[in-house]
Amino acid sequence: MNVIWRKIRPLIRGGYRIFNGFNGFMYDFKRFLFYGGWVENLSDKETRNYNSVMAYHGLEKSLSYKKRNPTSGWKNAERVFARLKIANSIGEYGYHDKAAKQVLQKFLDLPPNKDLAKSKEMRLAMNKMDFESKEEHGALVYPETSFRKGILNKPEDFFFSRYSLREFNGKVVSDEYVNRAIRLAMKTPSVCNRQAWHIFHTSDKDTIQKALHYQNGNKPFGVNAPNLLIISTDLKAFFAGAEHYQHWIEGGLISMSIMYALHSLGIASCPLNWSQTPKMDKALRKVVNIKPNQTVIMMMMVGYPDDVNKVCSSTRRPLDEVLSKLELK
Ligand SMILES: Cc1cc2nc3c(=O)[nH]c(=O)nc-3n(C[C@H](O)[C@H](O)[C@H](O)COP(=O)(O)O)c2cc1C
């Protein structure tokens, strides 16, 4: 009997896992279907802005090349122009709408484009559009000395001193510091610079506990979390079918940047997984203001370390297990 059970048990457990995986895939598929940007509804401000940056970023790249093809970029220019006309007719502008206008203006002002009839026609229409960005968009001259500002004297000190901290000293991290960390983390790269992130922050004890109730890895320490972040990404930002996993990737990248940004400010954190069942994901959405199109990537406890702390060693695998030469087969 015992022998049979030992043989059957892994199959039952495995089947249950496969079923759960399938259930999760279906849930993700449904969310992509209902909330993904694939319909390209450009009248929707958020969708249009994510879509517009794809086009104007193409122009930014074209503007940044040392040896650019003088005839390139027009396809993107036309896409940007079409989206600007929609924004203008609706009279509702987002960040990328404004940036797009400036980038297109710079593209049209390039010597090979300046006097073309289509440039004049676009410029004329854009002059009537009453929205501007106050920032500098397009391409920058960026000397090597500026890149070198990122060099740390002892990078090991920075990277090896971050640990996930689960017990904090109780002091709440002020909005000012959290905002600064998010600002820093927003330098994270993203596909076509779409920046499809949205971060929720609270230091309200009741809200923290209600949200943590649905997370399965915060016991017993979660009850004392001073601050909580929920990191999400917006499915509206992803248009192509092949981008169906992109929101997870972008979410992972911003999450790590947030942890490092906090660390650089002397603030500790503990990422909390959101590998959750559809049921739990829906339950969380019932109690907090996360929009249906926002994918929850993870939660993150944030706070200050005590004078003396205990952390998991969480040692790392040897390099030869994770790094090898890429070779042709
Ligand atoms: C996506 C993600 C989810 C995690 N979820 C949890 C969690 O639910 N509970 C927890 O105590 N730690 C969680 N951790 C923390 C890991 O255990 C920790 O990062 C790992 O052991 C490495 O240790 P270190 O962060 O101190 O370097 C998570 C980490 C990541 C990146």
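For every chain, the first residue of the written sequence is number 1, and numbering continues from 1 along that sequence. Only residues with pLDDT of at least 70 are given local features in this predicted model, and only at 80 or more are side-chain atom pairs given and counted; all residues enter the totals for whole chains, interfaces and linings. Note that water and hydrogens are dropped before the side-chain values are worked out from all heavy atoms of the structure.

A. The overall build of the protein chain, seen in detail. Under the scheme used here, helices are H or I runs from DSSP no shorter than 4 residues and strands are E runs no shorter than 2 residues, and both carry numbers assigned from the N terminus. Per the secondary structure count, the protein chain includes 13 helices and four strands. With respect to the three principal axes, the spread of C-alpha positions in the protein chain is 85 × 55 × 50 Å. Per-residue burial over the protein chain gives 39% buried out of 329 residues. Residue contacts are counted whenever heavy atoms from the two residues lie within 4.5 Å of one another. Summarising the internal contacts of the protein chain: among those between residues at least 6 apart in sequence, 81% fall at separations of at least 24. As displayed, the protein chain has an accessible area near 20700 Å², and 57% of this comes from carbon and sulfur atoms. Type-normalised accessible area, obtained with a 1.4 Å probe on protein chains alone, sets the label of each residue: buried when under 20%, exposed when over 50%, and partly exposed for intermediate values. Surface accessibility follows the Shrake-Rupley procedure with a 1.4 Å probe radius. Residue values consider only the protein chains on display as shielding.

B. Quick look at the UniProt feature "domain: Nitroreductase" (unreviewed entry) in the protein chain. UniProt positions are given in the numbering used here, feature names are shortened, and annotations may be inferred rather than shown by experiment. UniProt records the feature "domain: Nitroreductase" (unreviewed entry) for residues 161–211 and 214–304 in the present numbering. As annotated, residues 214–304 has a helix share of 32% and a strand share of 26%, and its two end C-alpha atoms lie 24 Å apart.

C. Region of the structure containing the site of the ligand. Only heavy atoms are used to decide nearness, and a residue is near a molecule or strand if one of them lies within 4 Å of it. By nearness alone, 14 residues border the ligand, and Ser164, Arg166, Gly217, Asn273 and Arg316 come closest of all. Whenever two N or O atoms come within 3.5 Å, that pair is a polar contact, provided that in protein one can donate a hydrogen and the other can accept it, and provided that, for residues adjacent in sequence, both atoms are side-chain atoms. In this structure, serine 164 approaches the ligand through a side-chain N or O atom, which is 2.5 Å from an oxygen atom. Within the backbone of asparagine 273, an N or O atom sits 2.9 Å from a nitrogen atom of the ligand. Contact with the protein chains hides 68% of the accessible area of the ligand, taken as 620 Å² for the molecule alone.

D. How the structure looks around the pairing of strand E2 (residues 227–234). Along E2, eight of the eight residues are buried, which leaves the element largely enclosed by surrounding structure. Side chains Asn227, Leu229, Ile231 and Thr233 project from E2 onto one buried face, and the interleaved Leu228, Ile230, Ser232 and Asp234 project onto a second face that is buried too. In this sheet, strand E4 (residues 294–303) lies alongside E2 in antiparallel orientation, the contact comprising eight bridges. Note on E4: the bridge partner recorded for asparagine 227 is valine 302. Strand pairing requires that DSSP identify at least two bridges connecting the strands.

E. Seen up close, the domain arrangement of the protein chain. Marked domain ranges trace back to an automatic or database domain assignment. According to the domain assignment, the protein chain consists of domain 1 (2–29), domain 2 (38–127) and domain 3 (149–303). For domain 1 versus domain 2, the distance between C-alpha centres works out to 50 Å.

F. Structural detail: the side chain of asparagine 113. Inspection of the secondary structure puts asparagine 113 in helix H5 (residues 111–114). Those residues in contact with asparagine 113, other than ones at most four positions away along the chain, are Pro70, Trp74, Phe107, Leu108 and Ser119.

G. Region of the structure containing helix H4 (residues 95–108). To estimate how far a helix should reach, multiply one less than its number of residues by 1.5 Å. Along its 14 residues, H4 runs 20 Å from first to last C-alpha, staying within 8% of the 20 Å computed at 1.5 Å per residue. Most of H4 sits inside the fold, with ten of its 14 residues counted as buried. His96, Asp97, Ala99, Ala100, Lys101, Gln102, Val103, Leu104, Phe107 and Leu108 are the residues of H4 that are buried. Against helix H2 (45–64), helix H3 (74–90), H5 and helix H6 (117–127) lie the buried residues of H4.

H. Structural view of the environment of valine 302. Tracing the backbone through its elements, the reader meets valine 302 in strand E4. In this structure, the C-alpha to C-alpha distance between valine 302 and glycine 170, residues 132 residues apart in sequence, is 10 Å. Once residues lying within four places of it in the same chain are set aside, the contact partners of valine 302 are Phe168, Val173, Pro226, Asn227, Leu229, Leu262, Ile267, Ala268 and Ser269.

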